[in-house]
Amino acid sequence: MKIGMVCYPSYGGSGVVATELGYALGEQGHEVHFISSARPFRLHRFHEKLFFHEVTDVNYPLFKFPPYTLLLANKIVEVANYVGLDVIHAHYAIPHSISALLAKQMMTRPLPLVTTLHGTDVTLVGAFEEFYNLTRLGLKSSDQITAVSRSLARDTVEIFGPINQDIKVIPNFIDPNVYLPMKGLMDRCRRYFAPQGEKILAHISNFREVKRVVDVVRIFSLVEKVTPCRLLLVGDGPEMVRVEREAVKLGLEKKVMFLGKQESVKEILQMVDVFILPSEQESFGLVALEAMACGVPVIASRVGGLPEVVIHGKTGYLAEVGDVVGMSEAVLSLLTDDLRYKSFSEQAVTWAREMFPVERAVKEYESVYEDAIQGPRS
Ligand code: GMT
């Protein structure tokens, strides 16, 4: 098949999912054409079946806002006609499914549209009054819709009502040959960050408000009062200033390290003892899955799709949003009991590998593409 893949290029799980899916589809012999405003950040390995088509900007004084949605639609048509795309796969309803819908209408032959919902497109962005009708149109006009968790599929129907068709749940995935515990690999770095053998906690995100990174610092401050530890914060974003301020306020400047945006997190995860994801909302929490696959138990909030990813009392612990004390106790219960820690770490790896392998996801997406191409069966 020739698949057009539309995604956000910037740091974030949806771009990662689209890119990793692209590589896996390429391995199966499909041709994958990424169409985006910039090269997706994980699309850095050459693969003969993967292509990137940049949506270029136009500068015209009359446009107060550059019409990206329209430029994208035009690019989709250009690529679809030139290479002969069989299907277009939009990651994120807004604006990608709308651009793809426009492209479909401009085509002189059918171009089936698959939309994958990732979370904030539906729960936050899509539900803003300004985007509500557009998102609904994107959903209704898609030939197939997938969501990354059962919780997101339920939320979508709750927010937008019935939308002509079932939403297929295809959970996010990891390549178990890439995300795995690699004993000893990062020992030198670990000694650098934790020279006295301190435990290492970590959080990775795009530092948006929804991630509650300030809570991570607060949880860490409670944990480090009991057991020596360090906190690695990976990523950057709008909350950075508040997070730094909190670390200073709590006198933790020497113990909280900011590593900034990182392209590859599998190496960093090798140094980590416990991963913290206290988000306000999370449709899936791909980074929690990546952490578990590397043998790192996860402490997360009990929201959205996180309970489908982190198994409470087995691969980590869940607590209510904002329960900083509960989450710090959960971290401590792992850090102060070696046997429990070992069992959680091992179960995390097994759970991630067995339940979320890339091979299964690829098969499911292939079948969704086939269904979209064949059209509704009577
Ligand atoms: O969470 C973000 O800020 C980024 C966003 C994205 O576009 O990548 O993440 C969403 O999609 C990921 C991949 O499916 C999910 O793992 C995240 O849980 C989801 N974020 C939210 O629901 C807040």
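Treat the numbers as computed from the prediction; the structure is a model and nothing was measured.

Colleague: Just give me the short version of the packing of helix α2 (residues 68-84) against helix α3 (residues 93-106), but keep the residues and values in it.
Modeller: Each pair of packed helices gets described by two things: the angle between the helix axes and the distance between those axes. Contact geometry of α2 with α3 gives a least axis separation of 8 Å together with a crossing angle of 50 degrees. When the axes of α2 and α3 are compared, the pair comes out oblique. Judged by the twist between their axes, the crossing of α2 over α3 is right-handed. For the pair formed by α2 and α3, the contact residues are Thr 69, Leu 70, Leu 72, Ala 73, Asn 74, Ile 76 and Val 77 on the first element and Pro 95, His 96, Ile 98, Ser 99, Ala 100, Leu 102, Ala 103 and Met 106 on the second.

Colleague: Outline the nonpolar core, supporting the account with residue identities and numerical values.
Modeller: By size, the foremost hydrophobic cluster in this structure holds 78 residues, and its most contacted members are Met 5, Phe 275, Leu 289 and Tyr 369. Counting contributing residues, this core receives three or more from each of domain 1 (2-172 + 357-374) and domain 2 (183-355). Look past the residues within four positions of Met 5 in its chain and what remains in contact with it is Ala 18, Leu 21, Gly 22, Leu 25, Val 32, His 33, Phe 34, Ile 35, His 89, His 91 and Tyr 369. Ranked by size, the runner-up nonpolar core spans 31 residues in total, among them Phe 207, Val 217, Tyr 317 and Ala 330.

Colleague: Requested: an account of the layout of surface pockets, with residues and values cited.
Modeller: Of the voids in this model, the largest pocket is the one considered here, and its volume is about 890 Å³. Gly 12, Gly 13, Ser 14, Asn 206 and Lys 211 are the residues nearest the centre of the largest pocket, which is lined by 42 residues in total. Listed by contribution, the elements that provide at least two residues to the lining of the largest pocket are α1 (13-27), α4 (120-125) and α11 (286-293). Sort the elements by how many residues they give to the lining of the largest pocket and α1 lands first, with 5 residues.

Colleague: Run through the domain arrangement of the chain, naming residues and quoting values.
Modeller: For the chain, the domain assignment lists domain 1 (2-172 + 357-374) and domain 2 (183-355). Contacts between the two partners involve 20 residues from domain 1 and, on the opposite side, 19 residues from domain 2. At the boundary of domain 1 with domain 2, total buried surface from both sides reaches about 1,500 Å², with 53% on carbon and sulfur atoms. At the surface where domain 1 touches domain 2, the tally comes to 2 salt bridges.

Colleague: With reference to specific residues and values, describe the sheet that holds strand β9 (residues 229-234).
Modeller: Read across the open sheet, the 6 strands follow the order β10-β9-β8-β11-β12-β13; overall the sheet is parallel. Each edge of the open sheet carries a strand with a single partner, namely β10 (256-260) and β13 (316-319). Strand-to-strand, the axes of this sheet are offset by a mean angle of 20 degrees, without reference to chain direction. Pairing analysis gives 2 bridges linking strand β8 (residues 199-204) to strand β11 (residues 274-277), with the strands arranged parallel. In the strand pairing of β11, Leu 201 is matched with Val 274. Its contacts with the sheet put α11 on β8, β11 and β12 (298-301), and the angle it makes with β11 is roughly 170 degrees.

Colleague: Summarise the site of the ligand; cite the residues concerned and give the values.
Modeller: Around the ligand, the surrounding shell holds 18 residues, and the nearest of these are Gly 13, Ser 14, His 118, Arg 208 and Glu 282. Take Asn 206: an N or O atom from its side chain is 2.7 Å from an oxygen atom of the ligand. Gly 285 places a polar main-chain atom, nitrogen or oxygen, 2.9 Å from an oxygen atom of the ligand. For the ligand, whose unbound accessible area comes to 480 Å², protein coverage reaches 95%. Counting atoms within 2 Å of the grid points, the majority share of the ligand lands in the largest pocket. Looking at side-chain class alone, the shell around the ligand contains 4 nonpolar, 11 polar and 3 charged residues. Here the shell around the ligand spans two domains, since at least three of its residues come from each of domain 1 (2-172 + 357-374) and domain 2 (183-355).

Colleague: Describe the packing of aromatic side chains, listing the residues and the values that go with them.
Modeller: Throughout the structure, instances matching the rule amount to 7 aromatic pairs. With centroids separated by 5.1 Å and ring planes inclined at 75 degrees, the aromatic side chains of Tyr 8 and Tyr 92 adopt a geometry described as edge-to-face. In this pair, Tyr 8 sits in the loop between β1 (2-6) and α1 while Tyr 92 sits in the loop between β4 (87-91) and α3, placing the two residues 84 residues apart along the sequence. A residue is classified by how much of its surface remains accessible, and Tyr 8, at 29% relative accessible area, is partly exposed. Cluster of aromatic residues (ring-pair linked, three or more members): Phe 284, Trp 351 and Phe 356. One residue, Arg 45, lies across the ring of Tyr 23, its end atom 4.0 Å from the ring centre.

Definitions and limits used
Residues numbered from 1 in each chain as written. Predicted model: local features only at pLDDT ≥ 70, side-chain atom pairs only at ≥ 80, totals over all residues. Heavy atoms only, no water. Axes fitted to C-alpha atoms, helices over the stretch in contact; angles between N-to-C directions. Helix = DSSP H or I, 4+ residues; strand = E, 2+ residues; numbered from the N terminus. Parallel < 35°, antiparallel > 145°, perpendicular 65-115°, else oblique. Left-handed = near helix turned anticlockwise from the far one by under 90°. Contact = heavy atoms within 4.5 Å. Core = buried A, V, L, I, M, F, W, Y, C linked by side-chain atoms within 4.5 Å. Buried < 20%, exposed > 50% of the residue type's maximum accessible area, 1.4 Å probe, protein only. Domains from an automatic or database assignment. 1 Å grid on protein atoms, 1.4 Å probe; cavity = no way out; pocket = protein on both sides within 12 Å on 5 of 7 lines; lining within 4 Å. Points joined across faces, edges and corners; volume = space filled by probe spheres on them. Buried area = accessible area lost by both parts, 1.4 Å probe. Salt bridge = Lys/Arg side-chain N within 4 Å of Asp/Glu carboxyl O. Pairing = 2+ DSSP bridges. Near = heavy atom within 4 Å. Polar contact = N/O pair within 3.5 Å; in protein donor to acceptor, adjacent residues only side chain to side chain. Areas by Shrake-Rupley, 256 points an atom, 1.4 Å probe, with all protein chains shown as cover. Sits in = over half its atoms within 2 Å of the grid points. Nonpolar A, V, L, I, M, F, W, Y, C, P; charged D, E, K, R; others polar. Phe/Tyr/Trp six-rings, centres within 6.5 Å; stacked < 30°, edge-to-face > 60°. Lys NZ or Arg CZ within 6 Å of the ring centre and 35° of its normal.

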